[in-house]
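This is what each chain is made of:
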Amino acid sequence: METLYAITTGVLTACGLYLTLRGRTFPVVVGLTLTSYAVNLFLFSMGGLTTDGATIVHGDGNYADPLPQALVLTAIVIGFAMTAFVVILAMRARSEAGNDHVDGKKEDRE
Amino acid sequence: MTLLWIALLPLLGVLVPALTAQRGRTMCSLATGLVPAIALLLTLMQLPALLAGEALRVSITWLPELGLELAFRLDGLSLLFNLLILGIGLLILLYAHFYLAKDEPYGRFYAFLILFMASMVGISMSDNLILLWLFWELTSLSSFLLIGFWSYRGDARKGARMALTITGAGGLALLAGLLLLGDMAGSYRMDDVLASGERIVADGRYPIMLALVLLGAFTKSAQFPFHFWLPHAMAAPTPVSAYLHSATMVKAGIFLMARLHPAIADSELWSVVVPLVGSVTLLYGAWFALFKTDLKAILAFSTISHLGLITVLLGIGSPMAVLAALFHIVNHATFKAALFMSAGIIDHETGTRELKLLGGLRKTMPVTALLSTLAAAAMAGVPLFNGFLSKEMFFTETLATPVLGGLSWLIPALAAVGGILSVAYSVRLVHAVFYKPAKEASPKTPHEPPHLMRLPVEILVVLCVVVGLFPAFFATNLLGLATQAVLGEPLDFHLAIWHGVNLPLIMSLIAFLVGIFMYWRHADLRRFLQPFASVDARRVFERFMITLSYRAEQAIAALDGNSLQRFMGWLLLSALCMGVLGVVQIDILTGSKSNQPTDGILVFGAGMLIFGGIATAATHRYRLISLLMLSIVGLFVALTFARFSAPDLALTQLSVEVVTMILLMLALFFLPQRTPRESSPLRNVRDMLLAGSLGLVVASLNYAVMTRETLSISNFFMANSVPGGGGHNVVNVILVDFRGFDTLGEITVLALAGLAIFKLLNRLRLFMPHSDGEGRVWSPDRYPAILTSISMTLLPLALLVSAFIFLRGHNQPGGGFIAGLITAVALILLYMARGVEWAQARLDFPFQPVAIVGVAIATLTGLGSWLFGYPFLTSAFSYFSLPLVGKFELATALLFDLGVYLAVVGATLMILANLGKVTTAHRPVTDPKEPETPAAQVPAKEPS
């Protein structure tokens, strides 16, 4: 299970980062979102993977680590704010520069 | 407690001139003057306690683990400097009241001056290395503002920038040095540092630390070769020069060397480097003072020279030398401040500071002439003045120094030459301005200044004379305390005017004779120097700065070529290197914990995630498809959270996923639907390799962590959630209670992002396509009937659900974040189903205030706990019971969560609703080329 989880996180990270290296704004935004998913999964797993656990205190039982959950919860919301800001920045850049290249230039130099 | 007031009062006092500037200058000056006056009084009130041998300390800990605290001390050294800073500061304020022209912004000037004063007092009283550094930097910044006060003048701007660059760079070196020093001593507390001198000197890092600290001290105190900023700082208004460049700021470096003396001075290295740098500075400054023709430039170079003298004494470091250094600090401050102020008066009354244009002022300004002559006599070291005493002590100590072995005669010889030059430039200063007949008329007809403007000079000159005549009476106690603070033990000494005929006296005598002779033959000397081209420090400095920034630009351009992509590449590459370094250090990848069993559902989920991720990347040129693939990932991430016992996260991820997709779809509407193929295959392969390797590193790290037993602090949260936070849902209690401060910061960021987007969308003009990427025209049915009716039905239900989720959040999965997102989704659905106009007409209020009110409620809830004497964001809860409802709980955390809820709703809608508004403004409903398409039949509701 852990192996599978780690591979998934790795693949998502790789795909997300590949997209952030693209030259147009929209794929970069998508890449950032994908990367933030991967990061959230990574952070989440820091407390270990618990099946059928709980973070609700109810006598004794199988508990999941609540701390990474709380951290990831805020990370998800902040991630949304970041995505929103970047994508609207991209729109603004397009309206100012007339194209959607990350450098605001039409011609790609490579 | 009084100590804290002495240190912080000037800092608060910065507001006084700002508040009273409207009341006229006299009022403002008086009110501002109260600040140093009170602080001075408070300082003097501590004198009996100090004489009784008490150690005065006050400290408020902040982060004790990192050694950060607000700690002040008042010992003899601080007292001496406080008296200088506050006493002379008071005189300077009086002087500035008359000096500044009518229309100059005196309020701002006073505010800068008090800020500077506060930072100097901070340096003098800091009981913690880091705090000391903080105030150190504050002096650099405030002196920048003061030097550049006449910002319309180019030389003022350049001088200010040069001073800031040099002292700022020195400040950075100092920070590194102090951090090293604190590390070597094991504490940043001044007492601990001063007590561990032996350990520090024996430490292998001592030379590096010493070099860094001295760099800080030398740049601040204008020691050679960092002296050149000081003459250029003379572009400041004269009160500033008199204050900063005679009595205070340039003494900060000296102060540092004195303060840290017990900790760092007991080494061979110190006793060679410091006296040598000091002597070179002493001679260099004195030599140039002799040939400058601007009054203030002469004084600036003479200041450099005197600072060198003090540095030599501190470098010698014997008890008597330290005493002499401290004595000379006081003496120099008094006569130099007096001379600067007289120079300012001369400038003010005649309109020039140029020696060639001045002369014969004795007739028109007799009192100023007398005062300046007396102050210059003190500077030259004429007997019966205070300067004489400390100079004699200086000569004595240089003769006694064992530094440099067989070359030990070098330092006294250099000292004697310095003495000669000092006499020569002092005589020249006074003679050329007041006694020599003028060659040409000065720009203005000179006359005596207002008496009150001269008063500060008079006070200082009286001090010079009185201390010179009765040194034992006036200076013994003060210097005794200060020396004791530096040396750690009391020093038995007696200050006297007459020590009999000895070598130092003969040296003084020679200095006078040769000095006067040199001034007599000044013209010959000048002629001799003529062929040597002088170097303008400013031009050298400017050229250096320009070259530096040019080279930096070149280097940056070579690295990233101003391309964000390449920049990203470098960033990821360095992240990769760091990551690989980390992973390599793990001995075995698999830890002690065994893998948990895998089942088919898990494999399917992981497969979907991997498929979604790769598909998102592979189809990125077809943006809509890529987006759909991304949503698969998002949904499966939510399922992953649900699978691994995190219902709160699953709910959050699901609702965030919805708003993210709506947002990206909306954005895609305004952006090209396809990405052109532009990266070369080579580049693609390179990027894939880079991203792939990073993926490998992340996977390895993740695996390594998951297979190891980890120590978690969560047991504390689990144990205290119900008794301490009153909630059963530990995740929610962590968010709103244990880590409430983080959450507060987070919703603030969210609201800020919303506001920033609101601003970004302001007057945004975008091209709106009439068809999708394949050329298909948008559907004419803009508001499908089914969606419309469902959304209407769903709204109250969704709001109900979100209220439910919100209320139960403290004990069951849910809470403000999730509830807020659900509400936002429901409202957005309405927007989508009925159009922005329709929704806007019914939800007629802006969302910005909602978000801000949310943050405000959360903050006020936090502040509320102060009313009950608890720290910020302490929560309280209690159980109540009502008929019918039964027993229920009310917690302040719920109020905090309400703030979170409102912030989330407000920010999300601010983002999406505002973006939605952009679409409707002028959307083309028809293709201009094909006017007969079905799209034309759409009822023209919107302006097109």
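Residues numbered from 1 in each chain as written. Chains lettered and ligands numbered in written order. Predicted model: local features only at pLDDT ≥ 70, side-chain atom pairs only at ≥ 80, totals over all residues. Heavy atoms only, no water.

Undergrad: Which parts of the structure should I look at to understand the overall build of chain A?
TA: Counting secondary structure elements, chain A contains three helices and zero strands. Mapped in sequence order, the helices and strands of chain A form the string α-α-α. In terms of overall dimensions, chain A is more spread out than a globule: its C-alpha atoms have a radius of gyration of 19 Å, far above the 13 Å expected for 110 residues. Dimensions of chain A, computed from C-alpha atoms along their principal axes, come out at roughly 65 × 25 × 15 Å. In chain A, buried positions account for 66% of the 110 residues. Relative to all contacts within chain A whose residues are 6 or more apart in sequence, the contacts with residues 24 or more apart total 49%. (Helix = DSSP H or I, 4+ residues; strand = E, 2+ residues; numbered from the N terminus. Rg over C-alpha atoms; globule rule 2.2 N^0.38 Å. Buried < 20%, exposed > 50% of the residue type's maximum accessible area, 1.4 Å probe, protein only. Contact = heavy atoms within 4.5 Å.)

Undergrad: Is there a simple way to think about the overall build of chain B in this case?
TA: The secondary structure content of chain B amounts to 40 helices and four strands. Based on the C-alpha atoms only, the size of chain B along its principal axes is roughly 110 × 65 × 65 Å. A total of 944 residues make up chain B; the buried ones form 54% of that total. Within chain B, contacts between residues at least 6 apart in sequence are counted, and of these 78% link residues at least 24 apart. Here chain B displays about 41000 Å² of accessible surface, and carbon together with sulfur accounts for 70% of that area. In chain B, which carries 60 positive and 53 negative side-chain charges, the distance between the mean positions of the two groups comes to 10 Å. (Areas by Shrake-Rupley, 256 points an atom, 1.4 Å probe, with all protein chains shown as cover. Lys, Arg positive; Asp, Glu negative; His and termini not counted. Charge placed at Lys NZ, Arg CZ, Asp CG, Glu CD.)

Undergrad: Looking at this model, I keep getting lost on the pairing of strand E1 (residues 56–63) of chain B. Mind explaining?
TA: Put simply, side chains in a regular strand alternate between the two faces of the sheet. Residues and elements named next belong to chain B. Relative to strand E2 (residues 68–74), E1 runs antiparallel, the two sharing seven bridges. In the strand pairing of E2, threonine 61 is matched with glutamate 69. The turn linking E1 back onto E2 is made up of four residues, and glycine 67 within it adopts a positive phi angle of 75°. (Pairing = 2+ DSSP bridges.)

Undergrad: Teacher, can you tell me more about the domain arrangement of chain B here?
TA: Size of an interface, as often reported, equals the accessible area lost when the parts are brought together. One can read the domain layout of chain B as domain 1 (277–530) and domain 2 (730–774 + 782–921). Inter-centroid distance (C-alpha atoms) of domain 1 of chain B to domain 2 of chain B is 71 Å. (Domains from an automatic or database assignment.)

Undergrad: Explain the packing of helix H29 (residues 600–618) of chain B against helix H30 (residues 623–643) of chain B to me, please; I cannot follow it from the model alone.
TA: Packed helices, taken two at a time, are described by the angle their axes make and the gap between the axes. Residues and elements named next belong to chain B. As a packed pair, H29 and H30 sit with axes 8 Å apart at the nearest point and diverge in direction by 150°. One element, H29, and the other, H30, form an angle in the roughly antiparallel class. Between H29 and H30 lies a crossing whose hand is left-handed. Across the interface between the two elements, Leu602, Phe604, Gly605, Met608, Leu609, Phe611, Gly612, Gly613, Ala615 and Thr616 of H29 pack against Ser626, Met629, Leu630, Ile632, Val633, Phe636, Val637, Thr640 and Arg643 of H30. (Axes fitted to C-alpha atoms, helices over the stretch in contact; angles between N-to-C directions. Parallel < 35°, antiparallel > 145°, perpendicular 65-115°, else oblique. Left-handed = near helix turned anticlockwise from the far one by under 90°.)

Undergrad: I would appreciate a short explanation of the UniProt feature "domain: NADH-Ubiquinone oxidoreductase (complex I) chain 5 N-terminal" (unreviewed entry) in chain B in the present structure.
TA: In the UniProt entry, the feature "domain: NADH-Ubiquinone oxidoreductase (complex I) chain 5 N-terminal" (unreviewed entry) is given for residues 65–110 of chain B. Note that residues 65–110 of chain B is 63% helix and 15% strand, and that its end C-alpha atoms are spaced 38 Å apart. (UniProt positions renumbered as here; feature names shortened; annotations may be inferred.)

Undergrad: Would you mind showing me how to read the pattern of salt bridges here?
TA: For side chains bearing opposite charge, pairing can occur when the charged atoms are close. Residue and element names in this part refer to chain B. Taken as a whole and assessed by the stated rule, the structure comprises 22 salt bridges over all chains. Ionic pairing is found between arginine 73 and aspartate 191, a salt bridge with its closest N-O pair at 3.0 Å. Taken together, the residues span a long stretch of sequence, with arginine 73 in strand E2 and aspartate 191 in helix H9 (residues 190–195) at a distance of 118 residues. The class of arginine 73 is buried, set by a relative accessible area of 3%. When the shortest N-O distance is used, the salt bridge between aspartate 347 and arginine 353 registers 3.7 Å. Under the relative-accessibility criterion, aspartate 347 is labelled buried at 18%. Overlapping salt bridges bring together Arg57, Arg73, Asp75, Asp127, Asp191 and Arg259 as one network. (Salt bridge = Lys/Arg side-chain N within 4 Å of Asp/Glu carboxyl O.)

Undergrad: What should I look at first to understand the side chain of Lys296(B) in this one?
TA: Checked against the element boundaries, Lys296(B) lands in helix H17 (residues 295–316). At 6.1 Å, Asp347(B) is the nearest oppositely charged side chain to Lys296(B), a buried residue that forms no salt bridge.

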